[in-house]
Amino acid sequence: AKLVRTSAKRVFNRNVKKLVDSINSKDTAALIESRFKDLKQLWDDVQRKHEGYIESLENSKTTYDVEQEDGWIDEMDKVYDDVLRQKLAYFETVEDRKFLKRKEDRIRKKEGDKAIFRAEQARKVEEIAFRQDVENLEEALAAEIDKPNPAASMLETARTELKRQLEECKRVNGEYVLLLDAETAGDEIAWFTSNAMRGSTMKLERMKLPQFSGNIRDYPRFRSDFEKQILPELESGKVAYVLKSCLEGEAFDAIYNLDDDVTKMWKRLDEKYGLPSKLVDVVVYDIKNIKHLQEGDDQSFLELINTVEKGYQDLARINMESEISNSGTVSLIEERLPRDIKREWSGEVNRSTSKVEQKSSRVFSNSFKNKERL
């Protein structure tokens, strides 16, 4: 029985050392609590083994020193009490730290709330300024968009200011989001996105997008307007969508199955509507469809002038204006002139050189003069 008691003491002392080491190392509260629980069970076991040893001595009527044996268990009890005090002191320190941390957290939260409030106020100020800039630019666009010569410099200045204000919104929103927790921050990111989208789409909402439905004569102007007026305002990912929005009827059908490949879309449109030979054929066809004019038919004469003028301008956009000045086209125009204009035209041509370009320039010149008289 004495050996059993000695063995229990040895195991107990070994676990005392483990627990003290954990306390000194400031291990986690869970680990220390677990080791103390094990130690308490070992202490109970030591007491049982001691009582068993004393009982065995009494049963065998063996003489023993009572004070000595009581001193043995008292010494063990002191060891246990000392460890218990260390454990309690540790947890008091932990609680103190928790209390201090809670206090610091409250102070930090209070300061954080103030910082969030200040950041939110700063963001509101920038948002108001940004929206005002948007409204100012919208008003400027509304006033200038239908004028023949919009005030480009004024609009560019407004656009630059809008871009600067948008960057400032981005900055203050970033500072604000950094102060928030992850869940709230995710919701607030949408604030900047909505304002950015408003700024990026505002100009296109005001600007009238060019439309093309498949008329070959309209294609050169459409492509020119899109590339000069619309394309510079678009992000690369939006070009295909906006281009499709500008197309109608057979023109839209021509590129419907090309997804968002802008290069293929323009290639398909160029092949169908942009070949110079096709435009020349259309211009010549329109001239051929004009009936032979009678003297005094001023309205039909104006239609002829407008047709020739429009054809010349359409061909000039693709550097093919010479096609309306060649002998074949000029002859078509001559055939349709009324007698009085044709006599005047023939007289001037006979007095000048016979170069086709000069003949064509004179017919246009005379046409415009007569148009002004009408």
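Residues numbered from 1 in each chain as written. Predicted model: local features only at pLDDT ≥ 70, side-chain atom pairs only at ≥ 80, totals over all residues. Heavy atoms only, no water.

S.K.: Could you clarify how one ought to interpret the pattern of salt bridges in this entry?
M.R.: Charged atoms that come close allow side chains of opposite charge to pair. For the structure shown, the criterion picks out 13 salt bridges. Measuring nitrogen to oxygen at the nearest pair gives 3.5 Å for the salt bridge that ties R48 to D45. With R48 and D45 both in helix 2 (residues 29–59), this residue pair falls 3 residues apart, about one helical turn. With a relative accessible area of 53%, R48 lands in the exposed category. For R217, the salt bridge is made with D314, and the minimal N-O distance between the two is 3.0 Å. Highlighted residues: R217 in the loop between helix 5 (182–206) and helix 6 (219–230) and D314 in helix 11 (residues 298–316), separated in sequence by 97 residues. (Salt bridge = Lys/Arg side-chain N within 4 Å of Asp/Glu carboxyl O. Helix = DSSP H or I, 4+ residues; strand = E, 2+ residues; numbered from the N terminus. Buried < 20%, exposed > 50% of the residue type's maximum accessible area, 1.4 Å probe, protein only.)

S.K.: For this particular structure, what's the right way to read helix 11?
M.R.: A turn of α-helix holds 3.6 residues, and therefore any two residues three or four places apart point the same way. Helix length check: helix 11 (19 residues) gives 27 Å between terminal C-alpha atoms against 27 Å at 1.5 Å per residue, within 8%. When we look at burial in helix 11, the residues that qualify are S300, F301, L304, I305, T307, V308, G311, D314 and L315. (Expected span 1.5 Å × (residues − 1).)

S.K.: What am I meant to see in the nonpolar core here?
M.R.: The nonpolar side chains of a soluble globular protein tend to be buried, and buried together. Among the nonpolar cores identified, the biggest contains 37 residues, and F222 and F226 are the most heavily contacted of them. Put simply, the parts of the chain that give this core at least two residues each are helix 6, helix 7 (239–246), helix 8 (249–255), helix 9 (262–273), helix 10 (276–288), helix 11 and helix 12 (327–336). Structurally, this core is a two-domain feature, drawing no fewer than three residues from each of domain 2 (216–274) and domain 3 (278–369). Residue contacts for F226: discarding those within four places in its chain leaves P210, L231, L234, V239, V242, L243, C246 and W266. F12, V46, Y90 and F91 belong to the second largest nonpolar core, which has 20 residues in total. (Core = buried A, V, L, I, M, F, W, Y, C linked by side-chain atoms within 4.5 Å. Domains from an automatic or database assignment. Contact = heavy atoms within 4.5 Å.)

S.K.: Any chance you could explain the side chain of H50 here in plain terms?
M.R.: In this fold, H50 is placed in helix 2. Beyond its immediate chain neighbours, meaning those up to four positions away, H50 contacts R5, E69, W72 and I73.

S.K.: Explain the side chain of D314 here, please?
M.R.: A relative accessible area of 4% places D314 in the buried class. Once you skip the residues sitting within four places of it in the chain, D314 turns out to touch R217 and L279.

S.K.: What exactly am I supposed to notice about unusual backbone geometry here?
M.R.: A negative phi holds for most residues other than glycine; trans holds for most peptide bonds. Phi at K26 takes a positive value of approximately 55 degrees, unusual for a residue other than glycine. Judged by its relative accessible area of 58%, K26 is exposed.

S.K.: Would you take a moment to explain a negative patch on the surface for this structure?
M.R.: Judged by side-chain charge, D65, E67, D70, D74 and D77 come together as a negatively charged surface patch. For E67, a relative accessible area of 69% puts it in the exposed group. (Patch = residues over 30% accessible without salt bridge, like charges linked within 9 Å, V, L, I, M, F, W, Y side chains within 5 Å. Areas by Shrake-Rupley, 256 points an atom, 1.4 Å probe, with all protein chains shown as cover. Lys, Arg positive; Asp, Glu negative; His and termini not counted. Charge placed at Lys NZ, Arg CZ, Asp CG, Glu CD.)

Everything listed here is a matter of coordinates, which is why it stays silent on function.
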